[in-house]
Amino acid sequence: MASTASGAAAESSTPPALLCFDAVSKRYAGGQEALRELSFELHRGEMVFVTGHSGAGKSTLLRLIHLSERPSRGAVLMEGRNLAQLKPRDVPHARRRVGMVFQDHRLLLDRSLFDNVALPLLIAGVARVEIERRVRTALERVGLLSRERSLPLTLSAGEQQRVGIARAIVGQPPLLVADEPTGNLDPQLAEDIMRLFSQLPAQGTAVLVASHDLHLVRKLARRVLVLDHGRLVDDFRAGASA
Amino acid sequence: MSRGNRRRRPGAAPRALPGRSELPARLRNWRDLHLYSLVSSLGRLSARPFATGLTVGVLAIALTLPLGLGLLLDNLQRLSSTVEQARELSVFLKLDLDAVETDAALQAARALPGVVEVALRSPEQGLEEFRRYAGFGEALDLLEDNPIPAVLDVRPTAQADPAALVRALEALPDVELVQHDAVWRQRLDAWLALGQRFSWALSVLLVLGALLVVGNTVRLDVQGRAEEIAVVRLLGGTAGFVRRPFLYLGAWYGLLSGALALLVLAALQYSLGSAVETLAAGYGSGFRLREFSMLDALAVLIGAAALGWLGAFLAVGHHLRQDRFGEDSL
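Calculation criteria
- Residues numbered from 1 in each chain as written.
- Chains lettered and ligands numbered in written order.
- Predicted model: local features only at pLDDT ≥ 70, side-chain atom pairs only at ≥ 80, totals over all residues.
- Contact = placed C-beta atoms within 7 Å.
- Helix = DSSP H or I, 4+ residues; strand = E, 2+ residues; numbered from the N terminus.
- Nonpolar A, V, L, I, M, F, W, Y, C, P; charged D, E, K, R; others polar.
- Pairing = 2+ DSSP bridges.
- Axes fitted to C-alpha atoms, helices over the stretch in contact; angles between N-to-C directions.
- Left-handed = near helix turned anticlockwise from the far one by under 90°.
- pLDDT = per-residue confidence, 0-100.
- Buried ≥ 20, exposed ≤ 12 C-beta atoms within 10 Å, placed from the backbone.
- Expected span 1.5 Å × (residues − 1).
- Arc of directions from axis to C-beta.

This paragraph deals with the interface of chain B and chain A. Between chain B and chain A, the contact holds 22 residues from the first and 26 residues from the second. Broken down by secondary-structure element, the contributors of at least two residues to the side of chain B that touches chain A are helix 1 (2–6), helix 3 (22–47) and helix 10 (226–234) of chain B. In the side of chain B that touches chain A, the residues fall into eleven nonpolar, six polar and five charged.

The following block contains the structure:
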């Protein structure tokens, strides 16, 4: 594959890809073809951007990873398991292996930052003492530990998105996917958020970010997948040195 | 989905566990999850006291009606069983019969088949009894004529068919009315049985109504929390995790309304009790209203909570079915 595997993945002789799209097509009920024969692999601890004009299939790609859609043809494999073959009752457990960051952060507005970030652990049935420790660690990593009792609406847009990231990484999933995480942010905040994402692979989390902000993507010098009308038209490593 | 759920229940938990050392931790987590649901559902109730009060009030009324009716019927049945099973028939003769005519009626009654003995109570004896037992002495003194007819007390044989005997006695000349307590009893029992059927039908309807009220209230709550549910689902929450707080919510509604229904019933009994006792004392009876025992009250509370739980289960189940994998939005 054309991937620039990280050091951790390269050690093993045939490293199983964390995420593998194998000739995936997705056609919606209306006949609209969102993805066509899409194939790529993502390894542990790797970071990749997915770019393309709106409607190129970025969102569909994320929905397939997150089991909100199933492919019409082809297979999506996460940690070697075909997601399309999961039984409905295994879907929640598979979703916990993927941290999600949304453009509009989707925080629960009536809950404190602590409770928002604790939600994935609560869902996974983590013990309470462990929850406190891990939520504090996650909030500290996004620099919001001092605000743990605040409500989301008292934060700025950039801070809210950082809480969303803390919620996505608190369960220590092997993969984090983000859908236009900087879409609502001004350039400076957007860069801060992207820098935060680019620190995660070093800690063992693979990151897949859908973004149309080509300028910012180039600046970060990571692997980039370019979609056009549902086809993968380019898979390259951004040239600029970080 | 429900299967994944079932595995979490305490009874089944040990089977799913590989190691023994994990068991206490798993149980603790299970308890934590339920505590979380319990507390968050209570929080939802107390966050909107007015809406909660309305729902609980409606439910309580829906529960009070069948419970009160059941209690009333139960009391009537106990009252009727205190009336002894009487086999004697009372034959009221026409007024203004002379001694010869009365004696002829007496002899005619004695001659009927199935009659063991006939005793005559003359109008004078009747008046005396009336004066003594019913306390109408002074009122009766005001009357110029004795208004009480002669009465024949007929004791039938054990084998005699009471209905046939009643017909035979009614056919005698100069007989005004034949009163048979057994017939009266039968009629009362028939009325009580009808009342019981009616109360069952009413109970079924009202319990269904209560189910719908809980279901609809929880449905509104589910709709109000659609975003939260969607986020929880996206973060990997199972259907059970989503459902649990609402089930507790429904159970709380049921429990509170059950308690309120018991309070209303107790208040009704308190206000009726003294009146019933006065009435019973007037008839020389020690009859008292039966009240709910602690066990009955407990059963009502448990039943009401179960009803709320079920209503919530139906409402959330409906929402979850609409929001299945592959159809929910990111």
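Turning to the pairing of strand 10 (residues 231–237) of chain A, a few remarks are in order. All names here are of chain A. Bridge analysis of strand 9 (residues 223–228) against strand 10 gives six bridges, and the strand direction is antiparallel. In the strand pairing of strand 10, Asp228 is matched with Arg231. Here strand 9 folds back onto strand 10 in antiparallel fashion, the turn holding two residues, of which His229 has a positive phi close to 45°.

Residue and element names in this part refer to chain B. The contact between helix 11 (residues 239–282) and helix 12 (residues 294–322) brings their axes to 6 Å, and the two run at 145°. With respect to the hand of their crossing, helix 11 and helix 12 are arranged in right-handed fashion. The class makeup of the residues in the contact of helix 11 with helix 12 is 24 nonpolar, six polar and one charged.

Take the confidence of the model for chain A next. Residues shown with low pLDDT carry predicted positions that ought not to be read at fine detail. Looking at chain A as a whole, its pLDDT mean stands at 88, while 92% of the residues score no less than 70. Looking over chain A, one finds the lowest element-wise mean pLDDT in helix 1 (residues 7–11) of chain A, namely 43, and the highest in strand 8 (residues 206–210) of chain A, namely 95.

The next thing to look at is the environment of B:Leu268. Tracing the chain through its elements places B:Leu268 in helix 11. C-alpha of B:Leu268 to C-alpha of B:Gly68: the two residues are 200 residues apart in sequence and 8.9 Å apart in space.

So, about unusual backbone geometry. One non-glycine residue, A:Gln172, adopts positive backbone phi at about 50°. Summarising the element assignment, A:Gln172 is placed in the loop between helix 6 (157–169) and strand 7 (175–179).

Moving on, we get to the sheet that holds strand 3 (residues 47–51) of chain A. Residues and elements named next belong to chain A. With mixed pairing, six strands are arranged side by side in an open sheet as 6-7-8-3-9-10. In this open sheet, the two strands that pair with only one neighbour each are strand 6 (98–101) and strand 10. Neighbour-to-neighbour, the strand axes of the sheet open up by a mean angle of 20°, direction not taken into account. Where strand 3 meets strand 9, four bridges bridge the pair, whose relative direction is parallel. Residue Phe49 lies in a different strand from strand 9, and its bridge partner there is Val224. Running over the sheet, helix 2 (residues 58–65) touches strand 3, strand 6, strand 7, strand 8 and strand 9 and is turned about 145° from strand 7.

Bringing the pairing of strand 3 of chain A into the picture now. A regular strand places its side chains on the two faces of the sheet in alternate fashion. All names here are of chain A. Burial analysis of strand 3 places five of its five residues in the buried class, the great majority of the element. Residues Met47, Phe49 and Thr51 line one face of strand 3 and the alternating positions Val48 and Val50 line the opposite face, and both faces are buried. Here strand 3 pairs with strand 8 via four bridges, running parallel. Along strand 8, the bridge assignment pairs Val50 with Ala210.

Along its 29 residues, helix 12 of chain B runs 42 Å from first to last C-alpha, staying within 8% of the 42 Å computed at 1.5 Å per residue. Among all positions of helix 12 of chain B, only B:Ala304, B:Ala305, B:Leu307, B:Gly308, B:Trp309, B:Gly311, B:Ala312, B:Ala315 and B:Val316 are buried.

Residue and element names in this part refer to chain A. Helix length check: helix 7 (residues 187–199) (13 residues) gives 19 Å between terminal C-alpha atoms against 18 Å at 1.5 Å per residue, within 8%. When helix 7 is considered as a whole, its buried residues turn out to be Ala190, Ile193, Met194 and Phe197. Taken end-on, helix 7 shows its buried residues confined to a sector of 100°, consistent with a single buried face. Turned more than 90 degrees from where helix 7 packs its buried face, Gln188, Arg195 and Gln199 sit exposed. The secondary structure elements touched by the buried residues of helix 7 are helix 6, strand 7, strand 8 and helix 8 (214–220).

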